[in-house]
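# Summary of the model geometry
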Amino acid sequence: MEPIIETKGLCKRYGDKEVLHDVNLQVYPGDILGLVGKNGAGKTTLIRVLTDVAHPSGGSFTLFGEEDPRKQVILRRKIAAMVETPAFYGELSGERNLISRLILLEKSGDLQAQAEELLRFVGLDEVIGTNKKARDYSLGMRQRLGIAMALSGEPELLILDEPTNGLDPAGILQIRELLLRTNREKGVTILISSHILGELSKLATRYAFLDEGHVVQEITAAQLEGSFDRSVLLFVSDEKKALELLRKQGYTAEKGPEGIVCYGYKEVIEPLKALLLGGVDVTHFKETVTDLEEYFVSLLNEEGK
């Protein structure tokens, strides 16, 4: 499968400061690729280069397999981006903003109906038929309008830089569900950066971890989940028998201060099933799994060694 974006030794310098260094990554069709990195790691700079807001100082990148910047100009019509803040006319309503955008894109047909369909898709039904100005929308509504503006060109790739920044939990949930629908229902590939790693972990199918301007690791969500440390605290009717059963099944098990602690399984149902089939009742249990933030911190610590 040919990547939509592939960077090869990409570098970006501002004066004497190298913000991106030898960046190599791929974005494949259908991905929701999460860019993970601390502030200053180079996430926004990378997005600016890929969206032609900034030009690389070295290396190269392809868009839909094309490396020639002159030919990439046409291919950029397949890409939409929302970097930092959504772009729209604050004096106009959501509908008028979208109709204006559709006119610029030379869309044909019933533009009013198309604008209303986009507003419904992003969950802004409430503003349809009103004259409420976009500048008076809440932050979450403005973000969703920005995504609607981006989707008006029917892009194959959507690039987003911190789309949930500043939103409350309800707004974050709305954006997450919208992006998942965009990916699944419209088949749009998404490249997204976010410092809210817990939220990103509910979206991304692949990750690229950046540190000090270079990619330290690319990994799929499935590979990442498989590498997480898991343990389960078990409260059982017979601790001695539970230890024997779990160890016989090849798990690492030990008596903890509160109950039995078990490691070495893939799914928590496995040790639970072994105990129940062995005649040991489990009154309750508590699983602990490494999260994305912990994994990222441990990855940076390993890089620093």
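Below: a short report on this structure. (Residues numbered from 1 in each chain as written. Predicted model: local features only at pLDDT ≥ 70, side-chain atom pairs only at ≥ 80, totals over all residues. Heavy atoms only, no water.)

### Some remarks on the overall build of the protein
Each helix and strand in the protein was counted, giving 11 helices and 13 strands. If one aligns the C-alpha atoms of the protein with their principal axes, the spans along those axes are about 75 × 50 × 35 Å. Across the 305 residues in the protein, those meeting the buried criterion constitute 49%. The contacts of the protein with a sequence gap of at least 6 include a subset with a gap of at least 24, amounting to 68%. For the protein, the exposed surface amounts to about 15,700 Å²; the carbon and sulfur share of it is 48%. (Helix = DSSP H or I, 4+ residues; strand = E, 2+ residues; numbered from the N terminus. Buried < 20%, exposed > 50% of the residue type's maximum accessible area, 1.4 Å probe, protein only. Contact = heavy atoms within 4.5 Å. Areas by Shrake-Rupley, 256 points an atom, 1.4 Å probe, with all protein chains shown as cover.)

### Re the environment of Glu 254
With respect to the element layout, Glu 254 can be found in strand β11 (residues 252-255). With 197 residues separating them in the primary sequence, Glu 254 and Ser 57 have C-alpha atoms 55 Å apart. Residues within four places of Glu 254 in sequence aside, it is in contact with Leu 243, Arg 247, Gly 259, Ile 260, Val 261 and Tyr 263.

### Details of the pairing of strand β10 (residues 230-236)
Of all seven residues that make up β10, seven are buried, and the element is covered over most of its length. Residues Arg 230, Val 232, Leu 234 and Val 236 of β10 are buried on one face, and the alternating residues Ser 231, Leu 233 and Phe 235, pointing to the opposite face, are buried as well. The pairing of β10 with strand β12 (residues 260-263) spans four bridges and is antiparallel. Residue pairing across strands places Leu 233 opposite Val 261, the latter belonging to β12. (Pairing = 2+ DSSP bridges.)

### A closer look at the packing of aromatic side chains
Inspection of every chain in the model, using the stated rule, returns one aromatic pair. With 6.0 Å between their ring centres and 25° between their planes, Tyr 207 and Phe 209 make a pair best called stacked. Residue Phe 209 is classed as buried on the basis of its relative accessible area, which comes to 0%. A cation over a ring is seen here: Lys 12 above Tyr 14, with NZ or CZ 4.9 Å from the ring centre. In this arrangement the basic side chain of Arg 181 is found over the ring face of Phe 121, its NZ or CZ atom lying 4.3 Å from the centre. (Phe/Tyr/Trp six-rings, centres within 6.5 Å; stacked < 30°, edge-to-face > 60°. Lys NZ or Arg CZ within 6 Å of the ring centre and 35° of its normal.)

### Regarding the side chain of Ser 93
With respect to the helices and strands, the residue Ser 93 is situated in the loop between β5 (79-83) and α3 (94-104). Engagement of the side chain of Ser 93 in a polar contact is seen with the backbone nitrogen of Arg 96, the distance being 3.1 Å. (Polar contact = N/O pair within 3.5 Å; in protein donor to acceptor, adjacent residues only side chain to side chain.)

### Structural notes on the nonpolar core
The biggest cluster of nonpolar side chains holds 49 residues, and the ones touching the most others in it are Leu 98, Leu 145, Leu 158, Leu 179, Ile 192, Tyr 207 and Phe 209. For this core, the leading source of residues is helix α5 (residues 139-151), giving seven residues. For Leu 145, the residues in contact, after removing those within four places along its chain, are Phe 88, Gly 94, Leu 98, Leu 119, Leu 124, Ala 134 and Tyr 137. With 26 residues, the next largest nonpolar core counts Ile 5, Ala 54, Phe 61 and Leu 63 among its residues. (Core = buried A, V, L, I, M, F, W, Y, C linked by side-chain atoms within 4.5 Å.)

### Observations concerning the packing of α5 against helix α6 (residues 169-185)
With their axes 11 Å apart at the nearest point, α5 and α6 run at an angle of 15° to one another. In terms of orientation, α5 and α6 fall into the roughly parallel class. Crossing angle aside, the handedness with which α5 passes α6 is right-handed. Facing Gln 143, Arg 144, Ile 147 and Leu 151 of α5, the residues of α6 in contact are Gln 174, Ile 175, Leu 178, Leu 179 and Thr 182. Taken together, the residues that form the contact of α5 with α6 break down as five nonpolar, three polar and one charged. (Axes fitted to C-alpha atoms, helices over the stretch in contact; angles between N-to-C directions. Parallel < 35°, antiparallel > 145°, perpendicular 65-115°, else oblique. Left-handed = near helix turned anticlockwise from the far one by under 90°. Nonpolar A, V, L, I, M, F, W, Y, C, P; charged D, E, K, R; others polar.)

### Here's the deal with the packing of helix α9 (residues 239-248) against helix α10 (residues 269-277)
Two quantities define a packed helix pair, namely the angle between the axes and the distance from one axis to the other. Packing of α9 against α10 brings their axes to within 9 Å, and their N-to-C directions diverge by 125°. On the basis of the axis angle, α9 is oblique to α10. In the crossing of α9 with α10, the sense of the turn from one axis to the other is right-handed. Between α9 and α10, the residues in contact are Ala 242, Leu 245 and Leu 246 and Pro 271, Ala 274 and Leu 275, respectively.

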